[in-house]
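Topology and contacts: notes
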Amino acid sequence: MRTIILSIVCVFALNKLIAQQNDLALLVSNITETESLTTNSYKAGLAKPNSIYLKENATTQFSSIVKQWREKLANYILKDTSVFDDSEKATYCIVFKNKQVNIVADYDSNGNILSTNETYKNIKIPFELRMKISKTHPKYSFLKNSYHLTYSYRNGIEKQYYKIQVGKGNKKTTLKYNENFKPI
């Protein structure tokens, strides 16, 4: 049900954002294991049309899971999907989803990333942020976390933050930090 609602929202958002392109295709990809991503839809080592997407935050300390998925998004071969139609220009909304990752990526008909909305759950957070939280919340344990990133090809990274839940006994606190590890 969530996937259908998210798909509908994505369709309406794309129609508003890209008025000159009125065709839209949607492919929902429920990927259950990271190992299944080694299909022909991803080809590493080729000329990367989405190198700007990857270069956008090359200096940022990402978890290995985030790095892998960002690489897979950049190397995704749109032409290999069942919804691709090269007869006219269109915008494609591809949804990647598993227990740890939820990504909505919009591609143009050339396979270039237009925008992404990425959420990664329970990843390894950067050491500097873990140390900062440990100092400000001594004797608290890390319960769960999520990393959120919004990207557009026009503005680059628009939003990026960490949401971390820590707890001590029955007491739970949710903390939110920006990309520079400053509290929000």
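As for the overall build of the chain
Looking only at helices and strands, the chain features 4 helices and 7 strands. Shown N-terminal to C-terminal, the secondary structure of the chain runs as helices and strands in the order α-β-α-α-β-β-β-α-β-β-β. By the burial criterion, 43% of the 184 residues in the chain qualify as buried. Considering only intrachain contacts with a sequence separation of at least 6, the fraction spanning at least 24 residues in the chain is 54%. When the accessible surface of the chain is totalled, it reaches about 11000 Å², and 51% of it is carbon and sulfur.

Brief notes about the environment of V66
By secondary structure assignment, the location of V66 is in helix α3 (residues 64-74). Classification of V66 by relative accessible area gives buried; the value is 1%. Considered as a pair, V66 and V101 are 35 residues apart in the sequence and their alpha carbons are 8.9 Å apart. Not counting the four nearest positions on each side in its chain, V66 is found in contact with Y120, I123 and Y147.

Considerations on the confidence of the model for the chain
Atomic detail in the predicted coordinates should be set aside for any region of low pLDDT. The share of residues in the chain with pLDDT of 70 or more is 70%, and the mean pLDDT across the chain is 79. Across residues 30-47, where pLDDT falls below 50, the model places 30 contacts with residues more than four positions away in sequence or in other chains.

Some remarks on the pattern of salt bridges
In total, this model carries 1 salt bridge according to the counting rule given. A salt bridge links R70 to E118; the shortest N-O distance between them is 3.2 Å. Placement of the pair is R70 in helix α3 and E118 in strand β4 (residues 113-121), with a sequence separation of 48 residues. Judged by its relative accessible area of 3%, R70 falls in the buried class.

Section: the side chain of Q165
With respect to the element layout, Q165 can be found in strand β6 (residues 156-168). Look past the residues within four positions of Q165 in its chain and what remains in contact with it is S141, F142, L143, K144, K172, T173 and T174.

Details of the nonpolar core
The biggest cluster of nonpolar side chains holds 34 residues, and the ones touching the most others in it are L73, F96, I103, Y107, Y120, Y147 and I164. Every element with two or more residues in this core is listed here: α3, β2 (91-97), β3 (101-108), β4, α4 (127-136), β5 (141-152), β6 and β7 (171-178). What Y147 contacts, discounting residues up to four positions off in sequence, is F62, V66, E118, T119, Y120, I123, Q160, Y161 and Y162.

Quick word on the pairing of β5
Where β4 lies against β5, 7 bridges are found, and the strand directions are antiparallel. From the neighbouring strand, Y120 faces β5, where its bridge partner is Y147. Strand direction decides the pairing type here: β5 and β6, joined by 11 bridges, are antiparallel. Bridging across to β6, N145 finds its partner in I164. In sequence, β5 turns back onto β6 through a hairpin of 3 residues.

Rules and cut-offs
Residues numbered from 1 in each chain as written. Predicted model: local features only at pLDDT ≥ 70, side-chain atom pairs only at ≥ 80, totals over all residues. Heavy atoms only, no water. Helix = DSSP H or I, 4+ residues; strand = E, 2+ residues; numbered from the N terminus. Buried < 20%, exposed > 50% of the residue type's maximum accessible area, 1.4 Å probe, protein only. Contact = heavy atoms within 4.5 Å. Areas by Shrake-Rupley, 256 points an atom, 1.4 Å probe, with all protein chains shown as cover. pLDDT = per-residue confidence, 0-100. Salt bridge = Lys/Arg side-chain N within 4 Å of Asp/Glu carboxyl O. Core = buried A, V, L, I, M, F, W, Y, C linked by side-chain atoms within 4.5 Å. Pairing = 2+ DSSP bridges.

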